[in-house]
Amino acid sequence: MPIVTQTDKRTGITYAYDTTYSWDKEKQQSRSKRVCVGKVGPETGDIVPTRGRAKKGSKSTSGKPAKTGPKPFVETRHLYYGATYLLNEFANELGLAQVSDSVFPKHTNSFYLWPFI
């Protein structure tokens, strides 16, 4: 099985492929199957294996444990303040909250901009 090298024009990296040739009797044409082995080192010319190309049965080179089972459930919450929060902050900053408390004493500590609710 010959090793064929090909340079990627976009990145300039040279990749090494293991090539297998066969003859298709129906179409009377030769066929080739290429599997990426790795990339060729620019200085030494050695083939450096690329990630995720380990053969079946060999141990993973990444050093990470294999994934087992689903991920644990994590509780999430979505807090929505909306326009009411924003307008109340403006009212506090401008002093409208104190004015509405003096005008509408029954509705103290309620929505400052909507005292009739």
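Residues numbered from 1 in each chain as written. Predicted model: local features only at pLDDT ≥ 70, side-chain atom pairs only at ≥ 80, totals over all residues. Heavy atoms only, no water.

As for the overall build of the protein chain
Moving on, step 1. The helix and strand inventory of the protein chain stands at two helices and four strands.
Moving on, step 2. The order of α-helices and β-strands along the protein chain, N terminus first, is β-β-β-β-α-α.
Moving on, step 3. Taken across its 117 residues, the protein chain has 11% of its residues classed as buried.
Moving on, step 4. Nonlocal contacts in the protein chain, meaning residues at least 24 apart in sequence, comprise 17% of its contacts between residues at least 6 apart. (Helix = DSSP H or I, 4+ residues; strand = E, 2+ residues; numbered from the N terminus. Buried < 20%, exposed > 50% of the residue type's maximum accessible area, 1.4 Å probe, protein only. Contact = heavy atoms within 4.5 Å.)

Brief notes about the pairing of strand β1 (residues 3-7)
Moving on, step 1. Pairing between β1 and strand β2 (residues 14-24): five bridges, direction antiparallel. Note that in β2 the partner of glutamine 6 across the bridge is tyrosine 15. (Pairing = 2+ DSSP bridges.)

Quick word on the sheet that holds β2
Moving on, step 1. The strand order β1-β2-β3-β4 describes an open sheet built from four strands, whose pairing is antiparallel. Two strands lie at the open edges of the sheet, namely β1 and β4 (47-49), each paired on one side alone. If you compare each strand with its neighbour and ignore which way they point, the axes differ by 50 degrees on average.
Moving on, step 2. Pairing of strand β3 (residues 29-40) with β4, which is carried by three bridges, proceeds in the antiparallel orientation. Across the sheet, the residue bridging to lysine 39 is valine 48, located in β4. (Axes fitted to C-alpha atoms, helices over the stretch in contact; angles between N-to-C directions.)

Overview of the pairing of β3
Moving on, step 1. Pairing analysis gives ten bridges linking β2 to β3, with the strands arranged antiparallel. Across the sheet, serine 22 pairs through a bridge with arginine 31, a residue of β3.
Moving on, step 2. If you look at the hairpin formed by β2 and β3, you'll find four residues sitting between the two strands, and glutamine 28 has a positive phi there, around 55 degrees.
Moving on, step 3. Between the antiparallel neighbours β3 and β4 lie six residues, among them glycine 45 with a positive phi of about 85 degrees.

Topic: the pattern of salt bridges
Moving on, step 1. This model, assessed by the stated rule, comprises two salt bridges.
Moving on, step 2. Here arginine 10 and aspartate 8 are joined by a salt bridge, their closest N and O atoms 3.6 Å apart.
Moving on, step 3. The closest approach of N and O atoms between aspartate 24 and arginine 31, which form a salt bridge, is 3.9 Å. (Salt bridge = Lys/Arg side-chain N within 4 Å of Asp/Glu carboxyl O.)

A word on helix α1 (residues 82-94)
Moving on, step 1. Across its 13 residues, α1 extends 19 Å between first and last C-alpha, which sits within 8% of the 18 Å expected from 1.5 Å per residue.
Moving on, step 2. Of the residues trailing α1, glycine 95 is marked for its positive phi of about 90 degrees. (Expected span 1.5 Å × (residues − 1).)

Some points on unusual backbone geometry
Moving on, step 1. Here the phi dihedral of glutamine 28 falls at roughly 55 degrees; this positive angle occurs in a residue that is not glycine.
Moving on, step 2. Looking at the element boundaries, glutamine 28 is found in the loop between β2 and β3.
Moving on, step 3. Here glutamine 28 falls in the exposed class, since its relative accessible area comes to 53%.

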